[in-house]
Amino acid sequence: MATLYDTLGVHAHATEDEIKRAYRKAAMKWHPDRNHGAEEMARANFQEIRDAYAILSDAAQRAVYDAVYAEQMRSWEDQQARREAARAEREASARAADEAAYAEMVALAMRFADEGHNRDVLFGVLLGRQYDARRASQIADSIAALQAARREAAANAARQAPVDADEHAATADATAGDEGAATRSHAASSKDDAARDSGRGRCATDNCHEVHGGAQPAGSLGGLWFQFLNSLRF
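Peer 1: Tell me about the pattern of salt bridges, and name the residues and values.
Peer 2: Taken as a whole and judged by the stated rule, the model has 8 salt bridges. The shortest N-O distance in the salt bridge between Arg119 and Asp120 comes to 3.4 Å. Looking at Asp120, the relative accessible area reads 54%, which means it is exposed. In this structure, Asp141 and Arg119 form a salt bridge, with 2.6 Å as the shortest nitrogen-oxygen distance. Here Asp141, found in helix H6 (residues 133–233), pairs with Arg119, found in helix H5 (residues 119–128); they are 22 residues apart in sequence, far enough to count as distant. On the accessibility criterion, Asp141 (37% relative accessible area) is partly exposed. Under the relative-accessibility criterion, Arg119 is labelled partly exposed at 24%. Linked through salt bridges whose partners overlap, the residues forming this network are Glu84, Arg87 and Glu91.

How each quantity is defined
- Residues numbered from 1 in each chain as written.
- Predicted model: local features only at pLDDT ≥ 70, side-chain atom pairs only at ≥ 80, totals over all residues.
- Heavy atoms only, no water.
- Salt bridge = Lys/Arg side-chain N within 4 Å of Asp/Glu carboxyl O.
- Buried < 20%, exposed > 50% of the residue type's maximum accessible area, 1.4 Å probe, protein only.
- Helix = DSSP H or I, 4+ residues; strand = E, 2+ residues; numbered from the N terminus.

Below you can see the structure in the form of C-alpha cells.
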C-alpha cells in the first residue's frame, strides 16, 4: 500500500528538510521536459510528486494525512486478517475433505484386497468410483504390496513353526538328560557319604574296644603291683 512518503522516497518520520530535498530530486527526475518520448508517464509521476509534497510540506495537512493513513492502515490490516482467516479456513476444509476421500479409497481397496483380488481389480474399483486416476494407481500399488508382504510373512511363520517345535523338543530332551545325570550323580555322592560314615562308625567302635580292652589289663597289673609293694612294707 503506497503512501505519499513512498512517492517522495522518504520514511514516515522524515524532517521538513528531508522532504524538501526528496521532492526536488524526484521532480528533476520526472519532469516532462527531461523525459522525451515518455512525457505522459513523466507528467503523471510529476503530478503525484507535487501532490505528495503539497500535503507533506504543510504541518497541518501532514498531521491529518498521518491520522487518516493510520486509520486506513488499521482497516486494511483488519481486512487482510479476515481474508487470511477465511483462506486458512477454506484450506483446512479442503484438506479435511481430501483426507476423508483418501481414507475412503484406502478402506475400499483394503476390503477388496482382503477378498483376494489383485492390484488391477483394486485399481478398476477405485476408478469406478470416479476417483483420481493417479491417486487410485498409487493406492492400488500400495495395498497390493501390503497384502503381498502379509502373505509372505504368514508363509514364513508357517514354515518356521515345525522348526521351532523340533528345537523345543530337542531342548526338552537335553534338559531331561541333564536332570537325570544330576540325579544319578547325587545318588552316587550320597552312597559314598554313607559308606564313609559307616567306616567311621566301625573305626570308632574298634578304637573304643581297643581302649577298654587294653585298660582292663593295665588296671589289673597296676593293682597286683600295688599289692606287691604293700606286702613288702609289712
